[in-house]
Amino acid sequence: MTKRRIGLYPGTFDPVTLGHIDIIKRAVKLVDHLVIGVTDNPAKAPMFTRPERIEMLRHETAPLAGDGRATIAVETFDSLLIQFAEKVGATIIVRGLRAVSDFEYEFQMVGMNQRLNSEIETVFLMADPRHQAIASRLVKEIASLGGDISAFVTPHVAALLKKRCSKV
């Protein structure tokens, strides 16, 4: 019996974008079970609460699992990434890359994570060219100024953003 390959795709997902969905669609081809780990970044002020982001991800990923594809779970974490990966049994951390600046940051993280646990590999997936410019930070800015975000997020997420921005 072969061991299940468990992958972890961590992030803040505030909000989840088409770029995130693209990486998730491709990651489920590489593993048997994908855990999407939702965390907070102290350098960022989230627009959505962690429970809201978890629900957003569960809604968006529900059609992507099953029928012979990997199962997907969305969980929250407050620990070091490598500790969370160990907790969920992940042997692969999935990261998306959009630009050279992403690579420089991720390169440092891989080095540190390898020192903490050399059994967990990091796999980089290049963003689809259609999604390379999408950043949650920019999507929130466009939405808050009343711009059209339909090319960057799903209709469901666009509606949530529009509703949130109307309260601000």
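Keep in mind the model is a prediction, meaning the values are calculated, not measured.

Trainee: An account of the nonpolar core is needed here, citing residue identities and associated values.
Mentor: I24, L34, I36, L57 and L161 are the most contacted members of the largest nonpolar core, which has 32 residues in total. Residue assignment for this core shows that the elements contributing at least two residues are α1 (18-27), β2 (33-38), α2 (50-61), β3 (71-76), β4 (92-97), α5 (136-144) and α6 (155-167). For L34, the contacting residues outside a window of four places in its chain are G7, L8, Y9, I24, A27, V28, T71, I72 and A73. By size, the runner-up hydrophobic cluster in this structure holds twelve residues, among which are I6, I82, A90 and I93.

Trainee: Got a sec to walk through the pairing of β4? Specific residues and values, please.
Mentor: Across the six residues of β4, five count as buried, placing the element largely inside the fold. As judged from the two bridges shared by strand β1 (residues 6-11) and β4, these two strands associate in the parallel manner. Paired with L8 across the two strands is I93, which belongs to β4. Direction of pairing for β4 relative to strand β5 (residues 121-126): parallel, over a ladder of six bridges. Bridge pairing in β5 links L97 to M126. As for the winding sense of the linkage, the β-α-β connection from β4 through helix α4 (residues 100-116) to β5 is right-handed.

Trainee: So what about the packing of aromatic side chains? Which residues, and what values?
Mentor: In total, this model carries three aromatic pairs according to the counting rule given. Measuring from ring centre to ring centre gives 4.4 Å for F77 and F84, while their planes differ by 5°; the resulting arrangement is stacked. Both residues of the pair, F77 and F84, count as buried. Judged by centre distance (5.6 Å) and plane angle (35°), the ring pair of F103 and F107 falls under tilted. Here F103 pairs with F107, and both are found in helix α4, just four residues apart, close to one helical turn.

Parameters and conventions
- Residues numbered from 1 in each chain as written.
- Predicted model: local features only at pLDDT ≥ 70, side-chain atom pairs only at ≥ 80, totals over all residues.
- Heavy atoms only, no water.
- Core = buried A, V, L, I, M, F, W, Y, C linked by side-chain atoms within 4.5 Å.
- Buried < 20%, exposed > 50% of the residue type's maximum accessible area, 1.4 Å probe, protein only.
- Helix = DSSP H or I, 4+ residues; strand = E, 2+ residues; numbered from the N terminus.
- Contact = heavy atoms within 4.5 Å.
- Pairing = 2+ DSSP bridges.
- Right-handed = clockwise from strand over helix to strand, strands pointing away.
- Phe/Tyr/Trp six-rings, centres within 6.5 Å; stacked < 30°, edge-to-face > 60°.

Treat this as a map of the structure, not an account of what it does.
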